[in-house]
Amino acid sequence: MHLDSAEVSVLLADVNSASNRLLSMEQVMVPVLEEIGLDWENGRVSLSQVYMAGKICESVVDKLLLTHGKLENGGPRLAIAVLSDHHALGKRMVKSALHSAGYKMLDYGHGCQSRDLCEHVLRDKVDVLLISCLMLASAFKVEELVTRLQDAGSNTAVVVGGAPFRLEPTLYKKLGAKAMGRNSAEAVGIVQSFEED
């Protein structure tokens, strides 16, 4: 809340194990950001503070999670995006974890709408689309996206993650997604299971 990105970097740099660094950072940052979000809902912090906290975390992730894993060319064709929301921290962490595991993917960015995402997925022949959602309203738009893809004859598997799905673990099924990951490590396991299939 002091907007001190240097101090955040120092606090998180103590996570020494490269294999656990991403998950350890996620276990610290995600609950903190969720707590800040609750503080905003209860009027204790401003929206600009919520926004800056998210941007600081994204910046720190970019600096500390420089991955050098060898990218493979095989496996399912992956894409990742943030549906409607504009906070990209979750997406960046999942992307870093998958990159470390040897996967490459298309990145459609954040603030995406279902119509545009559907067009991108069809054009790029994506096998697995990973979607991050921060807000419940954004999570409900997954159903529209899945319906659009099905109506177009696509077999793309939609995998979701983010706060709404952690709070309501069966929500992804109601919205038509194939799987839900609670963190970036689970995202890697889910992609590997699709690859085996």
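Structure first, text after, so check above.
These numbers come from a predicted model, not from an experiment. (Residues numbered from 1 in each chain as written. Predicted model: local features only at pLDDT ≥ 70, side-chain atom pairs only at ≥ 80, totals over all residues. Heavy atoms only, no water.)

## Observations concerning unusual backbone geometry
A positive phi is found at Ser84, a non-glycine position, where the angle reads about 70 degrees. Its place among the elements puts Ser84 in the loop between strand S1 (78-82) and helix H4 (89-100). On the basis of relative accessible area, Ser84 is assigned to the buried category, the value being 12%. You will see that Lys125, though not glycine, has its phi angle at about 55 degrees, which is positive. In this structure, Lys125 sits in the loop between helix H5 (114-124) and strand S3 (128-132). Among the residues examined, Lys125 registers a relative accessible area of 64% and is labelled exposed. (Helix = DSSP H or I, 4+ residues; strand = E, 2+ residues; numbered from the N terminus. Buried < 20%, exposed > 50% of the residue type's maximum accessible area, 1.4 Å probe, protein only.)

## Overview of the packing of H5 against helix H6 (residues 136-151)
Relative orientation of the contacting elements H5 and H6 amounts to 40 degrees, with a least axis distance of 9 Å. As judged from the angle between their axes, H5 and H6 are oblique. H5 and H6 meet at a crossing whose hand is right-handed. The segment H5 lies against H6, with Ser114, Arg115, Leu117, Cys118, Val121 and Leu122 engaging Lys141, Glu144, Leu145, Arg148 and Leu149. Residue composition of the contact of H5 with H6, grouped by class: six nonpolar, one polar and four charged. (Axes fitted to C-alpha atoms, helices over the stretch in contact; angles between N-to-C directions. Parallel < 35°, antiparallel > 145°, perpendicular 65-115°, else oblique. Left-handed = near helix turned anticlockwise from the far one by under 90°. Contact = heavy atoms within 4.5 Å. Nonpolar A, V, L, I, M, F, W, Y, C, P; charged D, E, K, R; others polar.)

## As for the sheet that holds S3
Strand order in the open sheet formed by five strands is S2-S1-S3-S4-S5, with parallel pairing between adjacent strands. Each end of this open sheet is capped by a strand with a single partner; those strands are strand S2 (105-107) and strand S5 (179-181). Strand after strand, the sheet turns through a mean of 25 degrees between neighbouring axes, direction not considered. Pairing of S3 with strand S4 (residues 157-161) involves five bridges; the strand directions are parallel. Its bridge partner being in S4, Leu129 is matched across the sheet by Val158. Together, S3 and S4 form the strand contacts of H6, whose direction differs from that of S4 by roughly 170 degrees. (Pairing = 2+ DSSP bridges.)

## A closer look at the side chain of Ser154
One can find Ser154 in the loop between H6 and S4. At 2.8 Å, the side chain of Ser154 forms a polar contact with the side chain of Thr156. When neighbours within four sequence positions are excluded, Ser154 is seen to be in contact with Leu122 and Leu149. (Polar contact = N/O pair within 3.5 Å; in protein donor to acceptor, adjacent residues only side chain to side chain.)

## Side note on the side chain of Asp39
Inspection of the secondary structure assignment puts Asp39 in helix H2 (residues 18-41). With residues near it in sequence (within four places) discarded, Asp39 still touches Arg44 and Val45.

## Notes on the environment of Gly153
Following the sequence through the fold, Gly153 ends up in the loop between H6 and S4. For the pair Gly153 and Leu122, spaced 31 residues apart in the sequence, the C-alpha separation amounts to 9.3 Å.

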